[in-house]
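# Observations on the model geometry
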4 protein chains.
Amino acid sequence: MTEQNKRECVGIGLIGAGFMGRCHANAFTSVSGLFDLPVTPDKQVLADHSADVAASGARALGFARSTDDWRALVADAAVDIVAITAPNVLHEPMALAAIAAGKTVYCEKPLSTTAESALKMTLAAEAAGAVTCVGFNFLRNPMVHLARDIIASGEIGEVTGFRGRHAENYMADPMAPHSFRTDPQGGGAVADIGSHIISMARFLLGPIDEVNADCRTLYPRRPVKPGSLDTKPVEVDDMTHALLRFSSGVSGSLEANWAATGRTMDLSFEVTGSKGAVAFTQERMNELQLYGGSGKQAGFRRIESGPLHPPYGRFCPAPGHHLGFNDLKVIEVADLLIAHTEGGRCYPDFREAWQVQCVVEAMQASSKERCWLKVDGAAS
Amino acid sequence: MTEQNKRECVGIGLIGAGFMGRCHANAFTSVSGLFDLPVTPDKQVLADHSADVAASGARALGFARSTDDWRALVADAAVDIVAITAPNVLHEPMALAAIAAGKTVYCEKPLSTTAESALKMTLAAEAAGAVTCVGFNFLRNPMVHLARDIIASGEIGEVTGFRGRHAENYMADPMAPHSFRTDPQGGGAVADIGSHIISMARFLLGPIDEVNADCRTLYPRRPVKPGSLDTKPVEVDDMTHALLRFSSGVSGSLEANWAATGRTMDLSFEVTGSKGAVAFTQERMNELQLYGGSGKQAGFRRIESGPLHPPYGRFCPAPGHHLGFNDLKVIEVADLLIAHTEGGRCYPDFREAWQVQCVVEAMQASSKERCWLKVDGAAS
Amino acid sequence: MTEQNKRECVGIGLIGAGFMGRCHANAFTSVSGLFDLPVTPDKQVLADHSADVAASGARALGFARSTDDWRALVADAAVDIVAITAPNVLHEPMALAAIAAGKTVYCEKPLSTTAESALKMTLAAEAAGAVTCVGFNFLRNPMVHLARDIIASGEIGEVTGFRGRHAENYMADPMAPHSFRTDPQGGGAVADIGSHIISMARFLLGPIDEVNADCRTLYPRRPVKPGSLDTKPVEVDDMTHALLRFSSGVSGSLEANWAATGRTMDLSFEVTGSKGAVAFTQERMNELQLYGGSGKQAGFRRIESGPLHPPYGRFCPAPGHHLGFNDLKVIEVADLLIAHTEGGRCYPDFREAWQVQCVVEAMQASSKERCWLKVDGAAS
Amino acid sequence: MTEQNKRECVGIGLIGAGFMGRCHANAFTSVSGLFDLPVTPDKQVLADHSADVAASGARALGFARSTDDWRALVADAAVDIVAITAPNVLHEPMALAAIAAGKTVYCEKPLSTTAESALKMTLAAEAAGAVTCVGFNFLRNPMVHLARDIIASGEIGEVTGFRGRHAENYMADPMAPHSFRTDPQGGGAVADIGSHIISMARFLLGPIDEVNADCRTLYPRRPVKPGSLDTKPVEVDDMTHALLRFSSGVSGSLEANWAATGRTMDLSFEVTGSKGAVAFTQERMNELQLYGGSGKQAGFRRIESGPLHPPYGRFCPAPGHHLGFNDLKVIEVADLLIAHTEGGRCYPDFREAWQVQCVVEAMQASSKERCWLKVDGAAS
């Protein structure tokens, strides 16, 4: 038998052992067996504000060490990439420290709690030449890339309209209590999930120049905690409808809604052109609807994901075997590792995430002022 | 054998022998065999601006007489109901004359070219005690009635959001020429088909109080006529996206789009409540999606039209036999004949159609002023 | 005003005033307004075994006379076409009398209760040169014609497989009582609705040469009448699954099921070829799924019915306005009137209906003998 | 920082470095981060008939050692579980050797090339008390378990019918060349993918007692290798349609088809009961259709997978995040590791796989003899 040599390793430091931290860890675990990467991620350190959670998480997820001090993780010489899945308010100090320490930074969305903070992080990263990546994982779907390629190719003609939505139901119950989600710093539905459809709109059609939004708080008070009879006011939106103007001149609309009873993941869009259209919903994430054909055979074609839609083939050589959500995170991590190794720009990086945040804030301001507002930084 | 006696007859005078005129005529022809009505429509007179078209139309459609003078039709003592399918700009004089002559008036949508005109017609009808009906035929769909009943029953809880659309593709081709549709008096897409989704929104959720719209002309010039190289400017919208506030406090959005490549009849809505949701599209007009259930069996249920959804059973005693568009017009005519006979109010009548027009005009003004606008007459 | 002249009329005599009789009558009423036919149907006589039902039906449906003696109807000189919607056991004497009287015969499916009887009727009609038509209405759907045209054109390559079904739920309740449906002469599910998918299979792919079926009675006893506690044995099948070999060599399978809980009209097929496939279900009767495209854009395209799919345009000049079941019957009646006038063969005629019945009986015999059986008359 | 201790490890030996081997390896890699298992798989040895492939595969997939001698792997003391993804003809000697060596055996489907061989393997495993598992991965789908639970609970009443299919298109091209798939030992479509729908039918409804099948070779000759002009006869089926009788008395039908142009993974079923029905297709693997409700709200409900459908929650705590194919393999591996540790029976084990193979062979024999055949071992 032959003993295997270790390939070149990239040390991973992960901050946060919750759902998203686990999701990151599993993606780093799986990626080498699926992608033919120049490097191998090496799970070095897991940090959590609870030392016990960090320790048990490290055991379960295969990290070599654990800590309750994220600064120690950032300072650790064995850590090359810092992955941040901590509460949003901590993203800025963590990312700035990691950038200062010369690390690549992989941060969950939203990049920060304000566009100002996100811009500060972006400028720091760019000044340091740091590779950055933000976890808008739904952009990794091969069917979304297919949609973008079809649009960019001119196949559907001149784009004339956009209709987008991200609707889920996790806050649909009026008795759903306050949590980090309803913290004003979280930004409400428009920030929490609106950012996904905004990032997708930008990915497909470029910058959004102007917005006109109606942010609504559906339930003005919610219980202070699960099961509590005490309630307190809600300061963020549950549902936002917005009109959009893209820099290209295309107009459209968008909805962000975390109280959309019946919807589990209606992250959906329909992009209409003069000759065709593409439609997608994450509820059927392995399908893209493409309108085409002519005469008596025109119609929407349901295209199923398969090996012709890279990097689907990394997961399975045959069509019909569908990707799942966690696979999107693996693709994201693969892209990150390549950018880290080759030094290129990873999409979406801090700058892109800052611009998404500018759109979110423009929507919030537009709703307050009840008028159209230009998006800061749209042209940058 | 037994000779059949004639039942009590209602004389029909139809103005206009085009597509919609024919559709009216066929509905009057069919209705007695399907509905058990107190009266029988008797097709007396068909008017068209062309005497030849009127004559051949009368032969084909079974009218006793024809004329090229609609005033003669209105004055005809044998005519009890005047059905108007003439160009929109003529609706007002025709309806006013018919009302003055003591007739019931059945008018195609839009009621008129301006809300001011529509109000004048409404007030005249109400002063005369005339029965009126406007052809928003899609409201006749049993599945739409089921949706309204479900919402009204409280089954989906407190309504929290509305998302509506009427998208078709008949003007999607940039080379589609000018026609009556692009006449500024026609009002563009927001009036032509936006009025359908507005009437449906009102039917389901009540008055719309405030709007904020973005009306767009996608192709600034179109050929002056089919195949022409000469073009002239387009003054109406091809696509409108709008934010809505209902009088009930519910908010939402709406799209009207006659350049929606790929869409043939996406007259659709999703009404979300705190406990459930209903979704519909006219592209699958015999189905309603209802979200409900609990725990591991929650989901959207696809309800198919059947005899339990009146008046489906008038058309077929068994489920699965689907209604078509022309059947909706038959239902409309049945409702009209009952209102004519019993003297009640027919829904939607002139007043309702005027209020729809107020919403259309508020959207157009809102788009020009780029701000939220109150809808005139919303509370009336 | 101009008085209209009557066009050349064809006298209609209709036997049976139940659901299907009413459906025929309404189709005769509507057809002239929709199709540009050389003749106009003139509803002369309605017969029913109850004189009262016949009389009230004639009033409601617009027949000039009524009778409780179908022989009088057949003998009536004013009747040119005899439409038969009476119980199946009476089809033979009625049709033979009508043929003998020189009439065109329009008979509901099944043509008769046995293939032997159906053949007798076929031979009589052919000897007399009578125009005949049998009411397999689902064949009139423009989307089914589109499917056949696509198959015939070779677009999906060499046909390799067929999968068909007609599933409804009207006998799904074990307490659904005996009725004419469970009469052994009715032939059970395989005859009642299996005949529809058999006729469609033949329409699409030609004769069926050999069958191997499993006819099952799901509920061996049913109440003797609605609500009764008395039960008696059921002698017919509720559900049949069958293997098929077409004369062309294509093989496949078929299900007929009237106890298919959840299915209202799953009259569906998937025809697979070496290069493409078409799929259809009557539950979405205005859509056809066509597999095509290549590379990363291959998929099933959802084609919606529209004016490019004749005779849809007879009902509406724009797509998206969907046909309903009753429209299919109007198309059938239009085809019948043309064949009657021009003297051509109407499809499906008595011969075709006899051949369908041969397939049904071969399935029943095959199930009893538990083996493959050749279909009588398949090659004729 | 805290150094992590290794948990109790289970040594994995994997034979085969192709698609399915890689899929196994990745599942072993991922499972510990997702499931809270009593043991941790430790990837010890990867064997392939090519030493180079084995060595590079071991590097890529994280195995400690590699070999081109599967007997060495089986004999390796560090190996506790032998995973077999080698060609089918080798399954028997490999499994027997592993059983003799006291290992747990995890074998890809089909268990072997004949039912006789599969029975031999089964008896050997049972005699040795070996834990065994066969890779019918589609059974791991939470939505399939939900279907089974619903059926077992009686919610859909007495089961009355089954309609199943596994249709893909990988051999639809007549020019698709011979390969291991068309080797008579492979058993053709009925064995290759028919086995999946057979295993699912058994999982849902219990043993299949009798079959009546029509196995067809659509293209009698295929190229000897890719691009070759030389062809040779095909001895296996491309498409099989079969009638089924379950031991419970339920009847139904089934199709296996690897030339189903347009279908990528139509592993689908509809199970009909006296009160409801469930329908599923792997093409939308995160959805189950359940018919229920009553009166005007009856219909098929689309249930989406979520944390209430274990073990979905292992992959994501929120609904709408969809599982993919590779996740099913992770679930399979988790079940295997639990059975290995706790010593229980894993489903489906060798005995179950043998019984599936008995159904396949009964179908093949039935087709040759053109009659119904009892399934050997159905009752065992």
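A brief look at the structure comes next.

What counts, and at which threshold
Residues numbered from 1 in each chain as written. Chains lettered and ligands numbered in written order. Predicted model: local features only at pLDDT ≥ 70, side-chain atom pairs only at ≥ 80, totals over all residues. Heavy atoms only, no water. Least-squares fit on C-alpha atoms with pLDDT ≥ 70 in both. Contact = heavy atoms within 4.5 Å. Buried area = accessible area lost by both parts, 1.4 Å probe. Salt bridge = Lys/Arg side-chain N within 4 Å of Asp/Glu carboxyl O. Polar contact = N/O pair within 3.5 Å; in protein donor to acceptor, adjacent residues only side chain to side chain. Helix = DSSP H or I, 4+ residues; strand = E, 2+ residues; numbered from the N terminus. Nonpolar A, V, L, I, M, F, W, Y, C, P; charged D, E, K, R; others polar. Buried < 20%, exposed > 50% of the residue type's maximum accessible area, 1.4 Å probe, protein only.

## Quick notes on the relation of the copies chain B and chain C
If you rotate chain B by 180° and push it 0.0 Å along the axis, it lands on chain C with an RMSD of 0.0 Å. What we have between these two chains is a two-fold relation. No C-alpha of chain B lies nearer the rotation axis than that of Gly-324 of chain B, which sits 1.9 Å from it. Looking at the interface residues of chain B, 100% of them are also at the interface in chain C, so both copies use one shared face.

## Quick notes on the interface of chain A and chain D
Between chain A and chain D, the residue contacts involve 51 residues of the former and 51 residues of the latter. Each partner contributes to the roughly 4300 Å² buried at the junction of chain A and chain D, and carbon and sulfur atoms together form 49% of this total. Linking chain A with chain D are four salt bridges, by the criterion used here. Glu-287 of chain A is paired through a salt bridge with Arg-284 of chain D; the nearest N and O atoms lie 2.8 Å apart. Counting the contacts that link chain A with chain D gives 23 residue pairs in polar contact (both at pLDDT 80 or more). Per-element tally for the side of chain A that touches chain D: the top contributor is helix H1 (residues 19-34) of chain A, with eight residues. Tallied by class, residues from the side of chain A that touches chain D come to 20 nonpolar, 18 polar and 13 charged.

## Notes on the pattern of salt bridges
All told, the structure shown has 97 salt bridges over all chains when counted by the stated rule. Between Arg-370 of chain B and Glu-210 of chain A there is a salt bridge; the shortest N-O distance is 2.3 Å. Here the residue Arg-370 of chain B occupies a position in the loop between helix H11 (350-369) and strand E18 (373-374), and Glu-210 of chain A occupies one in strand E9 (residues 208-216), the pair thus bridging two chains. Its relative accessible area of 14% is what places Glu-210 of chain A among the buried residues. Among the ionic pairs, Glu-332 of chain B bridges to Lys-329 of chain B, the shortest N-O distance being 3.0 Å. Taken together, the residues Glu-332 of chain B and Lys-329 of chain B, both in helix H10 (residues 325-342) and three residues apart, mark about one turn of the helix. Relative accessible area serves as the criterion here: at 0%, Glu-332 of chain B is assigned to the buried category. Each member of the salt-bridge network shares a partner with another, and the members are Arg-163 and Glu-270 of chain A, Arg-165, Glu-255, Arg-263, Asp-266, Glu-283 and Arg-284 of chain B together with Glu-287, Arg-302 and Glu-304 of chain C.

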